[in-house]
Amino acid sequence: RGFAGPALLADCAPQTGPKREGQARQHAYLSAARTEQVSGTAHRLGLPPNVLAQSAWAALLARYSGRGEAVFGVFLNGRPARLQGVERVAGPTMNVLPLRVPMPPPDRPVRDLLEAVTQAGAEIADHQYVIQDQVRRWAQVPDGQGLFDSYLVFQNLDPRLFASTERLGTFFTRMSAPFRLAVT
């Protein structure tokens, strides 16, 4: 409840030319050395690496939107044991749900943001199988209004599974949804 709506990145960015409409996908791949740095930092902090990526994205969204919170979609993949009948489900169980992160005051340490993201992630993990229409009803978001304008996919994939990053990009490109920006 109290959901103000998605932070529309197109509305936050400075306009340098005519307004454009449409969708875009942006894929970023970390080098092995950078991946080691991120993993090492996350390990020292006692956090999974995705919390670092989600925290950075939350800070960027909140900063550019001027809001005290960030809302963006996160890719979830799992089989919650408490989901009735989960043992009869064939194939992967994937979903994209809104992660709502209250931003700590700017004078607080970054650790507060990392904790806020961790807490928000734990809260939605129990609902990873819920469809977005149900989440929209719970949040009292009007029909036609999006829950988020961007989503973040963070995957720890062994690069040996893919011959090149080209194949990895193709894997994520096949996901389709009416989102304006996907950061993978």
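Residues numbered from 1 in each chain as written. Predicted model: local features only at pLDDT ≥ 70, side-chain atom pairs only at ≥ 80, totals over all residues. Heavy atoms only, no water.

### Some points on the overall build of the protein
Helices and strands together make up the secondary structure of the protein, namely 6 helices and 5 strands. N-terminal to C-terminal, the α/β element order of the protein is α-β-α-α-β-β-α-α-β-α-β. When the 184 residues of the protein are sorted by exposure, 34% land in the buried category. Of the contacts made within the protein by residues no fewer than 6 positions apart, 70% connect residues no fewer than 24 positions apart. (Helix = DSSP H or I, 4+ residues; strand = E, 2+ residues; numbered from the N terminus. Buried < 20%, exposed > 50% of the residue type's maximum accessible area, 1.4 Å probe, protein only. Contact = heavy atoms within 4.5 Å.)

### Some details on the environment of Gln-132
Along the polypeptide, Gln-132 turns up in helix H5 (residues 132–139). On the accessibility criterion, Gln-132 (22% relative accessible area) is partly exposed. A distance of 2.8 Å separates a polar side-chain atom of Gln-132 from the backbone oxygen of Val-96. (Polar contact = N/O pair within 3.5 Å; in protein donor to acceptor, adjacent residues only side chain to side chain.)

### Observations concerning the nonpolar core
Ranked by size, the top nonpolar core spans 33 residues in total, and within it Ala-70, Phe-72, Val-74, Leu-99, Val-101, Val-117 and Phe-148 carry the most contacts. Taken together, the elements giving at least two residues each to this core come down to helix H3 (49–65), strand E2 (69–77), strand E3 (94–102), helix H4 (110–125), H5 and strand E4 (150–152). Apart from residues no more than four positions distant in its own chain, Phe-72 is found in contact with Gln-54, Trp-57, Ala-58, Leu-61, Leu-97, Pro-98, Leu-99, Val-101, Phe-148, Ser-150 and Leu-152. (Core = buried A, V, L, I, M, F, W, Y, C linked by side-chain atoms within 4.5 Å.)

### Examining unusual backbone geometry
For residues besides glycine, phi is generally negative; the peptide bonds are generally trans as well. Phi angles above zero are rare outside glycine, and Gln-140 is one such case at about 60°. Here Gln-140 shows up in the loop between H5 and E4.

### Some remarks on H5
Among all positions in H5, only Val-135, Arg-136 and Ala-139 are buried. Relative to the axis of H5, the buried residues are bounded by an arc of 105° and lie together on one face. Two residues or fewer after H5 comes Gln-140, characterised by a positive phi angle close to 60°. (Arc of directions from axis to C-beta.)

### Topic: the pattern of salt bridges
A complete count under the given rule lists 3 salt bridges for this structure. A salt bridge links Arg-100 to Glu-69, with the nearest nitrogen and oxygen atoms 2.8 Å apart. Note that Arg-100 is positioned in strand E3 and Glu-69 in strand E2, a separation of 31 residues in sequence. Taking the relative accessible area as the measure of exposure, Glu-69 reaches 17% and is therefore buried. One salt bridge connects Arg-108 with Asp-112, and the closest N-O pair in it is separated by 2.6 Å. (Salt bridge = Lys/Arg side-chain N within 4 Å of Asp/Glu carboxyl O.)

### Some thoughts on the environment of Arg-34
Topologically, Arg-34 is positioned in helix H2 (residues 32–45). Here Arg-34 falls in the partly exposed class, since its relative accessible area comes to 46%. Among the polar contacts made by the side chain of Arg-34, one reaches the side chain of Gln-37 at a distance of 2.8 Å.

### Some thoughts on the confidence of the model for the protein
Scored by pLDDT, the protein comes out at a mean of 76, with 67% of its residues at no less than 70. Per-residue pLDDT stays below 50 along residues 165–184; that stretch engages in 52 contacts with residues further than four places along the chain or on separate chains. (pLDDT = per-residue confidence, 0-100.)

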